Amino acid sequence: MTYGVIGTGGIGGFYGGILAKSGCDVHFLFHSEYEAAMEHGLIVNSCWGDFTINPINAYNSTASMPKCDVVLVAIKTTAQNRLADMLKPILKPDSTVVLIQNGLNMEKNLAALLPESVAIAGGMAYICVSRIAPAVIHHQDLGELTIGMHRGSDEKARELCRQLKCGGVKVAEICSDLNAHRWKKLLWNIPYNGLTVILKSTTDRLMNNEASAKLIYDIMLEIIGAAKACGVEIPISIADNLVEMTRHMKPYKTSMRLDYDNKRPMEIEYMYSEPIKEADAHGFIMAKTQVLEQQLKFIQNGYL
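Residues numbered from 1 in each chain as written. Predicted model: local features only at pLDDT ≥ 70, side-chain atom pairs only at ≥ 80, totals over all residues. Heavy atoms only, no water.

### Looking at the state of the cysteines
What counts here: Disulfides are defined in this document as cysteine sulfur pairs within 2.5 Å. Using a 1.4 Å probe on the protein chains alone, a residue whose accessible area is under 20% of its type maximum counts as buried, one over 50% counts as exposed, and one in between counts as partly exposed.
Under the counting rule described, the total for this entry stands at zero disulfides. There is no disulfide at Cys166, and the cysteine sulfur nearest it, in Cys24, is 8.1 Å away. Look at Cys166 and you get exposed, because its relative accessible area is 54%. In this structure Cys230 is a free cysteine whose sulfur lies 17 Å from that of Cys175, the closest cysteine sulfur available. Residue class for Cys230 comes out buried when judged on its relative accessible area of 15%.

Next comes the structure, spelled out in structure tokens:
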């Protein structure tokens, strides 16, 4: 199969790099880092072992990329309004698009813009990874990837999981309920992304402070309530496990904190606004999450 990677940052660079390292035919889209990628390839410094993809199939436009069987989308959802146009040149009639992004309802919104024959899936990455220099990725911890189908056959998604496992990803699997896993991922993303920005902190400092740790747990309980109103049951034990996982993982700056530090648009719409609207439509008010949303918008408006 031919793979395309749209957004070769931390997430796209890592999983696409794993595929390329294991011998798959992978084509990477870069923008400002295209020249760096052509010069030294894609460098992945990983806690699982460092590697470099060089030479690399690098492009600065999808117009020059080949048609792909599977496309991994790892751009930030702040660019979602351009995604369909970016994808169209590289899609086959039966391609599978996997949105490895944070938030809710991305698959539904994209599906309305692409042919029905194109399969669409969501990917939930549980990983600490970031881009630290042009075409240089730092993988600190974790690495699990869960994929759920929004529409279409899961055949190509299953092959993607098989190839990732061959490349060293211990857990790469297909789930039966994408919506449920999106809500479960929000359980971590909403409190930690927002609070690392608002409190100018990192995950370890949040967990080592009694007040912020309690706030995180309270927000998680609110998300569990919102998910339940939307028909998704999340056991409280999952929140407990996420808190313990974060307490013991290496100190980490979230993707939203990195966007804030670099004065880039933050993923507020799909990570906060969409869940708030979805819960509200089912009669549940996410009061604490609304406060985070409003604070993040105020902060972002101050530098954009």
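There's more to say after this.
### Things to note about the pattern of salt bridges
Where we set the bar: Salt bridges are defined as contacts in which a side-chain nitrogen from Lys or Arg sits within 4 Å of a carboxyl oxygen from Asp or Glu.
In total, this model carries 14 salt bridges according to the counting rule given. Arg158 serves as the salt-bridge partner of Asp154, at 2.9 Å between the closest nitrogen and oxygen. Residue classification places Arg158 among the partly exposed positions, given a relative accessible area of 46%. The network of salt bridges with common partners includes Lys76, Asp259 and Arg264.

### Observations regarding the environment of Gly49
Selection rule: Strands here mean DSSP runs of E at least two residues long; helices mean DSSP runs of H or I at least four residues long; both are numbered from the N terminus.
In this structure, Gly49 sits in the loop between strand S3 (42-46) and strand S4 (51-53). Looking at Gly49, the relative accessible area reads 33%, which means it is partly exposed. Put simply, Gly49 and Ser22 are 27 residues apart on the chain and 13 Å apart in space, counted from C-alpha to C-alpha.

### Quick notes on the packing of helix H11 (residues 268-281) against helix H12 (residues 287-301)
As a reminder of what qualifies: Fitted lines through C-alpha atoms give the axes, limited to the stretch in contact for helices. The angle between two N-to-C directions lies from 0 to 180 degrees. Should the near helix be turned anticlockwise from the far one by less than a right angle, the crossing is left-handed, and should it be turned clockwise, the crossing is right-handed. In this description, contact between two residues means that some pair of their heavy atoms is separated by no more than 4.5 Å. In this classification, Asp, Glu, Lys and Arg are treated as charged, Ala, Val, Leu, Ile, Met, Phe, Trp, Tyr, Cys and Pro as nonpolar, and every other residue, Gly included, as polar.
Viewed as axis vectors pointing N to C, H11 and H12 meet at an angle of 145°, and their least axial separation amounts to 10 Å. Of the two possible hands of crossing, H11 and H12 adopt the one that is left-handed. On H12, the residues touching Ile268, Tyr272, Ser273 and Ile276 of H11 are Thr289, Gln290, Leu292, Glu293, Leu296, Lys297 and Gln300. For the contact of H11 with H12, the per-class residue count stands at five nonpolar, four polar and two charged.

### A look at helix H6 (residues 178-198)
Rules: By this rule the span expected of a helix is its residue count minus one, scaled by 1.5 Å. Here a polar contact is taken to be a pair of N or O atoms separated by no more than 3.5 Å, where protein atoms must pair a possible hydrogen donor with a possible acceptor and residues adjacent in sequence count only if both atoms sit in side chains.
The terminal C-alpha atoms of H6, which comprises 21 residues, lie 29 Å apart, in line with the 30 Å expected from a rise of 1.5 Å per residue. Where burial is concerned, most of H6 is hidden: 19 out of the 21 residues are buried. A distance of 3.2 Å separates the backbone nitrogen of Asn179 from a side-chain oxygen at the start of H6, and that oxygen is part of Asp177. Just downstream of H6 lies Lys200, where phi reads positive at about 50°.

### Remarks on the pairing of strand S7 (residues 91-99)
Applicable threshold: Between any two strands, pairing holds if DSSP finds at least two bridges.
Pairing of strand S6 (residues 68-73) with S7, which is carried by five bridges, proceeds in the parallel orientation. Residue Val71 lies in a different strand from S7, and its bridge partner there is Val97.

### Examining unusual backbone geometry
A negative phi angle is the norm for most residues apart from glycine, just as the trans form is the norm for most peptide bonds. Here the bond from Asn54 into Pro55 is cis, since omega is 5°, no more than 30 degrees from zero. Residue position: Pro55 is located in the loop between S4 and strand S5 (58-59). Despite not being glycine, Asn105 shows a phi value in the positive range, around 80°. Residue classification places Asn105 among the buried residues on the basis of a relative accessible area of 11%. The backbone phi angle of Ala135 is positive, close to 60°, even though this residue is not glycine. If you trace the backbone, Ala135 turns up in the loop between strand S8 (119-133) and strand S9 (136-151). Judged by relative accessible area, which is 0%, Ala135 ranks as buried.

### Examining the side chain of Glu33
Of note, Glu33 is situated in the loop between strand S2 (25-29) and helix H2 (34-40). Sequence-distant contacts of Glu33, defined by excluding residues within four places in its chain, comprise Thr8, Arg131, Ala133, Pro134 and Ala135.

### Considering the packing of H6 against helix H8 (residues 210-229)
It is at 9 Å that the axes of H6 and H8 come closest, and there the two elements cross at 145°. Crossing hand, H6 versus H8: right-handed. In this structure, H6 contributes Trp183, Leu186, Leu187, Ile190, Pro191, Tyr192 and Leu195 to the contact, and H8 contributes Leu215, Ile216, Ile219, Met220, Ile223, Ile224, Ala226 and Ala227. Tallied by class, the residues present in the contact of H6 with H8 amount to 15 nonpolar, no polar and no charged.

### Observations regarding helix H5 (residues 155-166)
Rule in force here: By arc we mean the arc of the directions from the helix axis to the C-beta atoms, nothing more.
With 12 residues, H5 ought to run about 16 Å at 1.5 Å a step, and its terminal C-alpha atoms sit 17 Å apart, in line with that. Along H5, the residues classified as buried are Lys156, Ala157, Leu160, Cys161, Gln163 and Leu164. Down the axis, H5 shows its buried residues gathered within 165° of arc, on one side only. In H5, the exposed positions that point more than 90 degrees away from the buried face belong to Glu155 and Cys166. Of the surrounding secondary structure, the elements contacted by the buried residues of H5 are strand S1 (2-6), helix H1 (10-21), S6, S7, S9 and strand S10 (172-175). Backbone geometry just downstream of H5 places Gly168 in the positive-phi region, at approximately 115°.

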